[in-house]
Every structure is written in C-alpha cells, then in structure tokens.
Amino acid sequence: IAGITQAPTSQILAAGRRMTLRCTQDMRHNAMYWYRQDLGLGLRLIHYSNTAGTTGKGEVPDGYSVSRANTDDFPLTLASAVPSQTSVYFCASSDRVGDTQYFGPGTRLTVL
Amino acid sequence: DQQVKQNSPSLSVQEGRISILNCDYTNSMFDYFLWYKKYPAEGPTFLISISSIKDKNEDGRFTVFLNKSAKHLSLHIVPSQPGDSAVYFCAARDTYSGAGSYQLTFGKGTKLSVIP
C-alpha cells in the first residue's frame, strides 16, 4: 500500500506559468487536504475536500484551485504562479473529516 | 491571530534525558489535539493524540498532557533518542459547526535536536 503519493517531487517554474500538483491516495479516505509549509509559518491549509465532489477553502486559498472528481485524486492548480507561491506543498487525507490526517511526501515548488 | 502556538522554535536535549515540547492554544472550541513529527524532505507523520475529555495519553516513550484550563498541552519523550531529532508540530481540531469545520490548525513547529 503506497498511502499518499505526490508528483512531482520538486519543480522549478517561471512566474506566470500554470502548474498542477498531483496527489493520489489509495486508502479510500473520504477527506483530502492541501497544505503549504513555509519557514517560520508552519503548515497552512490551502483547500480541502470532505468527500468526492465537494471542496472548500482553507486559510490561504488565493491563487490556488482544486477539484475532487473521484475519491483518490485531489490535484492542486496554480493558474498563474507567482514567486510568493514558492513553498513545500503537502497533500493529506483522512478517513473522515476530523480524523487523523496522513500526509504525502511533499512537492517542493520554486517559482522564479 | 495564531490560535495554536509553539513558542520554542528549537530545543536541544541530551540523549537519554526527557524532551518536553510545549503548545498553547487560544480557541476553546478545539476538542482534539495531535502531535506530528517531521523529518527533512519527508511529510509529517502522526505521532500521538489526545481528546479534550482526557488529560493524559501515553504511547511508549511518548506522553501527551493536556491542561484545558490553561489551554496548554505538552509532549514528553522519555528517554530521548537521536532518532527523535525532527520538527514536531502541534495541531488542534476545531469543533465549529459549519463550513470548514473539523479542520486542523497547526503550530509553527519546534525543532528537536537530541545530542548523542
């Protein structure tokens, strides 16, 4: 069982480009989440999905969009990347909203 | 407005001694608290949790204490081992009913270094 996989592992992106970070889980968890981790700021929630077909905004949603077409996949899209979106992005999932969350290995994104 | 605070960015402890990591919160609607451990270049991993109806939960070398009146929790690691060196995040779950309910709010983390 792989748990949660994220792709790519790392990416350098020019400002203004569009980028989609991929997240797939094989645990059949209902809820999924996207966080960003920045030095000195901890983990901040970007978007979440309590169940397939629904999404919600977290603490820092601006500049990001998500979709949840099925249970397993929860892609995060940056429509037009900006340097302030340079960060490490973690995807997580939980059996139900409010349950313990399990994290993927992260994607390190650099926007130049 | 930081609702979960880890005021010590770093902590160094000798191997074999006790490590105590602290976390304070301000939101009285938090009902469930978790500690995550994170190694460099890896995702956070769940370590231990505690419900607000308890004041202590123990799992091997790890014990979490909750003081609701003080809105304070702590993670004790005894004895500390070099492999415990990592960043530890405190997280709290919100029982607010409505959009975004039951989300976790994380502290900024404390980097623990266990010195051999």
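Residues numbered from 1 in each chain as written. Chains lettered and ligands numbered in written order. Predicted model: local features only at pLDDT ≥ 70, side-chain atom pairs only at ≥ 80, totals over all residues. Heavy atoms only, no water.

J.: Explain the packing of aromatic side chains to me, please; I cannot follow it from the model alone.
T.: Aromatic rings considered in pairs are described by the distance between their centres and by the relative angle of their planes. Scanning the entire structure with this criterion turns up eleven aromatic pairs over all chains. Taken together, a centroid distance of 4.7 Å and an interplanar angle of 40 degrees make the contact between Y25 of chain B and F33 of chain B tilted. For the pair Y25 of chain B and F33 of chain B, a shared accessibility class is recorded, and that class is buried. With a centroid separation of 5.9 Å and an interplanar angle of 70 degrees, the aromatic rings of Y36 of chain B and F46 of chain B are classed as edge-to-face. With Y36 of chain B in strand β4 (residues 30-38) and F46 of chain B in strand β5 (residues 45-51), this pair connects stretches of sequence that are ten residues apart. On the accessibility criterion, Y36 of chain B (0% relative accessible area) is buried. We classify F46 of chain B as partly exposed; its relative accessible area is 29%. Each member of the aromatic cluster is reached from another via a ring pair, and the members are Y33, Y35 and F103 of chain A together with Y36, F46 and F106 of chain B. (Phe/Tyr/Trp six-rings, centres within 6.5 Å; stacked < 30°, edge-to-face > 60°. Buried < 20%, exposed > 50% of the residue type's maximum accessible area, 1.4 Å probe, protein only. Helix = DSSP H or I, 4+ residues; strand = E, 2+ residues; numbered from the N terminus.)

J.: Please explain the pattern of salt bridges as it appears in this structure.
T.: Pairing between side chains of opposite charge can happen when their charged atoms approach one another. Under the counting rule described, the total for this entry stands at seven salt bridges over all chains. Its salt-bridge partner being D72 of chain A, residue R28 of chain A comes within 2.9 Å of it at the nearest N-O pair. On the criterion of sequence distance, the pair formed by R28 of chain A in the loop between β3 (19-25) and β4 (31-38) and D72 of chain A in the loop between β7 (64-66) and β8 (76-78) is long-range, its members being 44 residues apart. R93 of chain B is the salt-bridge partner of D31 of chain B, the closest N and O atoms lying 2.9 Å from each other. Of this pair, D31 of chain B sits in strand β4 while R93 of chain B sits in strand β9 (residues 86-94), placing them 62 residues apart in sequence. In terms of burial, D31 of chain B and R93 of chain B fall into one category: buried. In this structure, a network of salt bridges that share partners links the residues R36, D38 and R44 of chain A. (Salt bridge = Lys/Arg side-chain N within 4 Å of Asp/Glu carboxyl O.)

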